[in-house]
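Chain by chain, the residues:
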Amino acid sequence: MSSNIQIPKTCQNCGKVFTAKTTVTKFCSHRCASQNYKKRKREEKIQEVAPIVVQQVQFNQEQLKDKEFLSIKEACFLIGASRMTLFRQIKQGTIQVAKLGRRTIIKRSEIEKLFES
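1. Section: the sheet that holds strand β4 (residues 97-100)
Step number 1: Spatial ordering of the open sheet is given by β3-β5-β4, a layout of three strands whose pairing is antiparallel. In the strand order of this sheet, the two ends are held by β3 (69-71) and β4, each with one partner. Between one strand axis and the next, the sheet turns by 40° as a mean value, whatever way the strands run.
Step number 2: In this structure, β3 lies alongside strand β5 (residues 103-107), joined through three bridges in antiparallel fashion. Looking across to β5, one finds that Ser71 is bridged to Ile105.

2. Let's talk about the pairing of strand β1 (residues 7-10)
Step number 1: Relative to strand β2 (residues 17-20), β1 is paired through four bridges, and the arrangement is antiparallel. The residue bridging Lys9 from the neighbouring strand is Phe18, located in β2.

3. As for the nonpolar core
Step number 1: Counting residues in each nonpolar core, the largest one holds ten residues, listed as Leu64, Leu70, Ile72, Ala75, Cys76, Leu86, Ile90, Ile95, Ile106 and Ile111.
Step number 2: For this core, the secondary-structure elements that each account for two or more residues are α2 (72-79) and α3 (83-92).
Step number 3: Of all the elements, α2 adds the most residues to this core, at three residues.
Step number 4: If near-sequence neighbours (up to four positions away) are discounted, Ile72 is found in contact with Arg83, Leu86, Phe87, Ile90, Thr104 and Ile106.
Step number 5: The next biggest cluster of nonpolar side chains, apart from the first, holds five residues, and it includes Cys11, Phe18, Phe27 and Cys32.

4. Some points on the packing of α2 against α3
Two numbers describe a pair of packed helices, the interaxial angle and the distance between the axes.
Step number 1: Two elements in contact, α2 and α3, have axes whose closest approach is 9 Å; the angle formed by their N-to-C orientations is 105°. When the axis of α2 is compared with that of α3, the two are roughly perpendicular. Here Ile72, Ala75, Cys76 and Ile79 of α2 come into contact with α3, specifically with Arg83, Leu86, Phe87 and Ile90.
Step number 2: For the contact of α2 with α3, a count of residues per class yields seven nonpolar, no polar and one charged.

Calculation criteria
Starting afresh in each chain, residues are numbered from 1 along the sequence in its written order. At least 70 in pLDDT is required for a residue's local features to be given in this predicted model, at least 80 for side-chain atom pairs to be given and counted, and no such filter applies to totals for whole chains, interfaces and linings, which use all residues. To get the side-chain values, take all heavy atoms of the structure and skip hydrogens and water. We call two strands paired when DSSP finds no fewer than two bridges between them. The helix count covers DSSP runs of H or I at least four residues long, the strand count covers runs of E at least two residues long, and both are numbered beginning at the N terminus. Orientation is described by axes fitted as lines to C-alpha atoms, over the contacting stretch for helices, and by angles from 0 to 180 degrees between their N-to-C directions. For our purposes a nonpolar core is just a set of buried Ala, Val, Leu, Ile, Met, Phe, Trp, Tyr and Cys residues, chained together by side-chain atoms within 4.5 Å. Accessible area is worked out with a 1.4 Å probe on protein chains only. A residue is then buried under 20% of its type maximum, exposed over 50%, and partly exposed in between. The contact definition used throughout considers only heavy atoms, calling two residues in contact when any of these lie within 4.5 Å. Roughly parallel means an angle under 35 degrees; roughly antiparallel, over 145; roughly perpendicular, 65 to 115; everything else is oblique. As a working rule, the residues Ala, Val, Leu, Ile, Met, Phe, Trp, Tyr, Cys and Pro are called nonpolar, Asp, Glu, Lys and Arg charged, and the rest polar, with Gly in that last group.

Next comes the structure, spelled out in structure tokens:
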């Protein structure tokens, strides 16, 4: 059963005007339909991951509030600086650190001293 319906529509992907033969057609070509499908799938993946990333950042901030001793990574996150900047400050003697084996620990009061002066 075929019909001779011709409906002028605008492609939802490229915006080009085309003649549709059915009422549910949204795209002017297979290529536009494929591009829109890929775009939708990409956005779904982003929406799926976004809440997890926000949750991890909030968790880290809550953990850092109570800690007296911080690792390099935690100190970088707290200050908002890169690892190299922090290591440069350690090398210059601005920040005093303690070593536990291979691990470098920074006392929270040392970081607070940076902002007092």
